[in-house]
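Residues per chain are reported as follows:
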Amino acid sequence: MRTRLPRRPDARTASHSTDHRAETVAREPSRPSRRSGGTTPRGTYWLYGLHPALAALANPERRVRQILTTEEGEAALRQRLDVPLPMQPQRADRARLEALCGRDAVHQGVAILTDILPSLAIEDAVERPGPLLLLDQVTDPRNVGAILRSAAAFGAAAVVVMDRNAPDETGALAKAASGALDVVPLVRVVNLARTLDLLKERNFWVVGLDAGGGVLDGGTFGQRRVALVLGAEGDGLRRLTREHCDEIAGLAMPGDMESLNVSNAAAVALYEVTRRR
């Protein structure tokens, strides 16, 4: 039975020029990525794994350059994808896929050479429904990928990261997102503090998730749109980021642990913000 991976509608508005728009920057590697003696073109990478591949192939904004599969991997793609493949997959053995994606990569017999997704401006991201997630120097691609997966599960509008001190779009990030990278926009901004001010102008209530405040309670927000800001593990939110939040709140954790991994904290916070809507 074929299934389509759901892709949330993109309610983008017509382009309009603001100072904030210039802060959103498309990301490209500073140099070609080298894999097993070869290169990939600038601005591309190998995306791998069945769920990321299905989501990428169902996304009309993806530019796919090459598809490599094992025999089993191609059969799985064709069975589960309800749109035509953009090109005939090339056969590859597992040794070649491991050389391209990494020895520890769980590629499931599928690898796609793809361009980095087009960047979405923050002004367009806020036109999409749902809460926003903003990450203050979260640098682990697997954490960012897991946060994107939670964002897709709870209907978030976008995940916003800094142009610097944030991971590039890579196969490891896409794999951790399990298809969510092609569902929830990953928006990059230069200045997080100014972005928070922009969100306040758009009537978002900005909540910094950190100790030292009250307890996060979704019932107190009413119909206000919420922007959740999460800091890096260990360091938490930077001082300037905290000062640009409307409030600081932590998670209610009655057990013996004082904190959660940032991706787990994002999932709990999103549940709390959306559960009474």
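Here is a short report on the structure shown in this document. (Residues numbered from 1 in each chain as written. Predicted model: local features only at pLDDT ≥ 70, side-chain atom pairs only at ≥ 80, totals over all residues. Heavy atoms only, no water.)

1. Looking at the pairing of strand β10 (residues 204-215)
Then step 1. Examined bridge by bridge, β10 and strand β11 (residues 225-231) share six bridges and lie parallel to one another. The partner of Val207 across the bridge, within β11, is Leu228.
Then step 2. One ladder, built from five bridges, connects β10 with strand β12 (residues 247-250); its direction is parallel. Residue Val215 lies in a different strand from β12, and its bridge partner there is Gly250. (Pairing = 2+ DSSP bridges. Helix = DSSP H or I, 4+ residues; strand = E, 2+ residues; numbered from the N terminus.)

2. Some thoughts on the sheet that holds β12
Then step 1. Pairing within the open sheet is parallel, and its six strands lie in the order β9-β8-β7-β11-β10-β12. In the strand order of this sheet, the two ends are held by β9 (186-189) and β12, each with one partner. Strand after strand, the sheet turns through a mean of 35° between neighbouring axes, direction not considered.
Then step 2. Helix-sheet contacts for helix α5 (residues 141-153) involve β7 (132-136), β8 (158-162) and β9, and the interaxial angle to β7 is about 165°.
Then step 3. On the sheet, helix α7 (residues 192-201) packs against β7, β8, β9, β10 and β11 and is oriented at approximately 160° with respect to β7. (Axes fitted to C-alpha atoms, helices over the stretch in contact; angles between N-to-C directions. Contact = heavy atoms within 4.5 Å.)

3. Quick word on the environment of Asp182
Then step 1. Mapped onto the elements of the fold, Asp182 is located in the loop between α6 (171-177) and β9.
Then step 2. In this structure the C-alpha to C-alpha distance between Asp182 and Leu57, which are 125 residues apart in sequence, comes to 9.3 Å.
Then step 3. Only 2.7 Å separates the side chain of Asp182 from the side chain of Asn59, close enough to count as a polar contact. (Polar contact = N/O pair within 3.5 Å; in protein donor to acceptor, adjacent residues only side chain to side chain.)

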